[in-house]
Amino acid sequence: MNQMSTEGYTTADGRKIGGVMMEMKNITLRFGGVKAITDISFDIREGEIRAIIGPNGAGKSSMLNVISGFYVPQEGEVWFRGAKRPPMKPYQVAQQGIARTFQNIALFEGMSVLDNVMTGRLTHMKSGMLEQAIWKGKAEKEEVENREVVEKIIDFLEIQAIRKTPVARLPYGLKKRVELARALAAEPKLLLLDEPMAGMNVEEKEDMSRFILDVNDEFGTTIALIEHDMGVVMDLSDRVVVMDYGKKIGDGTPDEVRSNQAVIDAYLGVAHD
Amino acid sequence: MPDQLLFAIEVTLNGLMAGVLYALVALGFVLIYKASGIFNYAQGVMALFSAATLVGIMNGDVPFSHLINAILGTDIHHFGWHVPAILAILLTMGVMIFLAWAVNRFVFKHLVNQEPIILFMATIGLAYFLEGLSDMMWGGDIKKLDVGLPQGINETIDEVTFNLFGYGFFIDNLDIVAAVVAVILVIALTLYSQYSKQGRALRAVADDHQAALSVGISLNYIWILVWSIAGFVALVAGIMWGAKSGVQFSLSLIALKALPVLMLGGFTSIPGAIVGGLIIGVGEKLFEFTLGGMMGGATENWFAYVLALVFLVFRPQGLFGEKIIERV
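As the structure is a prediction and not an experimental result, all values here were calculated from the model.

1. Some thoughts on the interface of chain B and chain A
- Residue-level contacts link 20 residues of chain B with 28 residues of chain A.
- Every element with two or more residues in the side of chain B that touches chain A is listed here: helix 8 (197-207) and helix 9 (209-214) of chain B.
- Counting residues per element, the side of chain B that touches chain A draws most heavily on helix 8 of chain B, which supplies 7 residues.

2. Section: the confidence of the model for chain B
Residue and element names in this part refer to chain B.
- Here chain B shows a mean pLDDT of 86. Residues at 70 or above account for 97%.
- The secondary-structure element of chain B with the lowest mean pLDDT is helix 11 (residues 250-265), recorded at 81, while helix 4 (residues 85-106) shows the highest, at 95.
- What the predictor reports for the complex is a pTM of 0.81 with an ipTM of 0.84.

3. Side note on the nonpolar core
- Core analysis: the biggest nonpolar cluster contains 167 residues, and Ala-23, Leu-24, Ala-26, Ile-217 and Val-226 of chain B have the highest contact counts within it.
- At 19 residues, the largest contribution of residues to this core is made by helix 10 (residues 219-245) of chain B.
- Looking at this core, you find at least three residues from each of domain 1 (1-97 + 188-273) and domain 2 (109-181) of chain A.
- Setting aside chain neighbours within four positions, we find Ala-26 of chain B in contact with Ala-258, Val-261, Leu-262, Gly-265, Ala-273, Gly-276 and Gly-277 of chain B.

4. Observations regarding the domain arrangement of chain A
Residues and elements named next belong to chain A.
- On domain assignment, one finds that chain A holds domain 1 (1-97 + 188-273) and domain 2 (109-181).
- Between the C-alpha centres of domain 1 and domain 2 the distance comes to 28 Å.
- Those elements that place two or more of their residues in the side of domain 1 that touches domain 2 are helix 2 (90-95) and helix 7 (202-219).
- Across the side of domain 1 that touches domain 2, the residue classes break down as 5 nonpolar, 2 polar and 1 charged.

5. So, the sheet that holds strand 11 (residues 239-244) of chain A
Residue and element names in this part refer to chain A.
- The strand order 8-9-10-5-11-12 describes an open sheet built from 6 strands, whose pairing is mixed. Edge positions in the sheet fall to strand 8 (98-100) and strand 12 (247-252), since each of these pairs with one other strand and no more. Put simply, the sheet's adjacent strands are angled 15° from each other on average, direction ignored.
- Across 4 bridges, strand 5 (residues 49-53) lies against strand 10 (residues 222-226) in parallel orientation. Within strand 10, the residue paired with Ala-51 across the bridge is Leu-225.
- Against the sheet, helix 10 (residues 261-268) contacts strand 11 and strand 12, and its axis sits at roughly 125° relative to strand 12.

6. Comments concerning the confidence of the model for chain A
- Mean pLDDT over chain A works out to 88, with 92% of the residues at or above the 70 mark.
- Here residues 1-5 of chain A is a poorly scored stretch, pLDDT under 50, and it has 7 contacts once near neighbours within four places are set aside; other chains count.

7. So, the packing of helix 7 (residues 173-195) of chain B against helix 12 (residues 270-290) of chain B
Residues and elements named next belong to chain B.
- At their nearest, the axes of helix 7 and helix 12 sit 9 Å apart, and the two run at 160° to each other. Here helix 7 lies roughly antiparallel to helix 12, going by the angle between them. Contacts between helix 7 and helix 12 pair Val-186, Leu-189 and Thr-190 from the former with Ile-270, Pro-271 and Ile-274 from the latter.
- Partitioning the contact of helix 7 with helix 12 into residue classes produces 5 nonpolar, 1 polar and no charged.

Conventions we followed
Residues numbered from 1 in each chain as written. Chains lettered and ligands numbered in written order. Predicted model: local features only at pLDDT ≥ 70, side-chain atom pairs only at ≥ 80, totals over all residues. Contact = placed C-beta atoms within 7 Å. Helix = DSSP H or I, 4+ residues; strand = E, 2+ residues; numbered from the N terminus. pLDDT = per-residue confidence, 0-100. Core = buried A, V, L, I, M, F, W, Y, C linked by C-beta atoms within 7 Å. Buried ≥ 20, exposed ≤ 12 C-beta atoms within 10 Å, placed from the backbone. Domains from an automatic or database assignment. Nonpolar A, V, L, I, M, F, W, Y, C, P; charged D, E, K, R; others polar. Pairing = 2+ DSSP bridges. Axes fitted to C-alpha atoms, helices over the stretch in contact; angles between N-to-C directions. Parallel < 35°, antiparallel > 145°, perpendicular 65-115°, else oblique.

What follows is the structure, encoded as structure tokens:
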């Protein structure tokens with residue numbers, strides 16, 4: 001693997017990875033006196049699957065929340081597609097083309113699966129309030145076009161059978177999939193997945209892994225994900241950032257990370273002096 | 001047909017018309033509650049405020065004239081012009097949109113993630129603030145509101161029913177207009193919230209703030225939108241009630257009648273607000289008509305609340321409220 005050139009690199013299975021899409025520079029995030037993230041830098045490249053791993057409380061979710069704008073870091077810079085990003089609200093980040101899922105699933109429970117996924121298209125709908133109110137041709141055409149995209153994604157994730165079901169009635173594994181569908185509906189440039197496989201059984205995990213790989217492969221979507229299951233992470237990701245106690249302790253390909261002593265210590269535990 | 005039955009039908013019809021007006025106020029509650037989880041106690045006062053503003057603008061009154069005169073020692077009350085009804089309604093709508101922005105900017109923006117009871121208390125404060133503001137801007141006297149809506153008995157219905165049954169029904173033209181307007185408003189709002197982009201965003205915000213943010217919805221925008229729509233509904237209700245019984249403080253008390261309407265219809269259902277309004281309107285008129293005499297009269301004062309209480313016991317989510325699904 002000819003890694004880290006500015007033009008990108010080619011993975012073992014022959015996928016072309018592009019230049020840097022997102023760069024985190026010296027990010028520090030504090031909650032009062034508690035440091036959740038300390039001076040972390042890493043990048044995410046066009047087309048890659050980038051994993052953030054680490055033990056519980058390592059600051060992985062906080063990092064994802066910084067990328068998606070839910071947290072604003074006290075120090076450091078976020079660069080997206082070659083430009084420094086000013087402090088933004090989460091909805092503005094979403095409008096920039098960064099979609100996400102949540103660790104504890106945040107779906108619109110009262111709405112149907114279809115409506116949930118349709119909300120993912122909101123950033124692509126341009127017609128104004130009055131147009132919508134009087135349902136002029138443009139708004140209608142827009143609705144139809146967006147509906148087509150959504151149906152494609154619903155087919156892709158194999159949730160056709162539950163399209164009209166209220167989300168509250170679905171089992172956990174399917175909810176996770178609907179949440180992924182909603183994020184995909186935005187046709188994001190960068191997709192953030194916060195523990196997409198947490199709480200799933202082996203079969204559901206295999207399904208989800210397959211979907212993640214397929215999304216990356218078919219839509220060319222750049223994906224950053226947080227995951228606990230080391231086996232899954234190593235299979236899925238192109239490069240891995242390892243965090244522990246809010247600090248970065250490793251960064252590289254799965255093989256590099258696996259043989260990194262600091263990472264082994266963090267995961268297996270080591271006697272502290 | 002026996003006279004008693006004909007009279008009962010007439011009472012029912014009048015009840016339906018009154019119910020439509022209850023429904024109009026209840027509708028404003030439902031809209032805000034659905035989108036922000038706030039039970040807006042101030043909805044009734046918003047109707048009063050909008051109606052007073054409409055009258056003030058139409059008459060060319062100077063807002064805050066008492067205050068201005070007291071401070072500057074002047075004696076101005078009128079600009080000396082009269083604004084046509086349509087233009088005045090548009091201007092009033094502008095004021096309501098500004099109010100929506102101000103309410104969000106200065107009150108609810110600072111109360112994000114607070115307990116529902118705190119939000120509720122804030123709306124009580126808002127109600128009294130608005131009431132005071134209304135008095136301060138336009139004076140507290142009873143005002144006549146005439147935007148050119150037809151008033152008085154509908155001659156056609158009177159004539160037709162007289163020829164058919166030998167007894168002419170008394171239906172007020174204004175009630176008919178109110179009913180038609182309410183029906184149109186409800187259909188439009190239901191379609192808007194179910195099928196438009198903003199409607200979907202609105203329901204999304206109502207359901208989960210975090211998730212709504214993650215799909216690119218600005219919460220502020222939606223809240224201002226929803227308070228504006230509630231302001232619009234308040235204006236319509238204010239015009240109807242104001243034309244019927246004058247613009248006065250008691251108008252804001254109608255809001256209390258909307259409470260049992262909401263308990264019946266469910267706090268989250270637009271059609272529920274309508275059906276609930278109709279049931280209460282007809283129910284209280286018929287009850288007064290049939291049993292009122294035996295119970296010492298004036299049953300209209302309490303009938304709605306007792307009916308709502310009975311409903312709460314058997315169907316807490318209301319007739320059309322969202323089902324409470326709990327996975328175990």
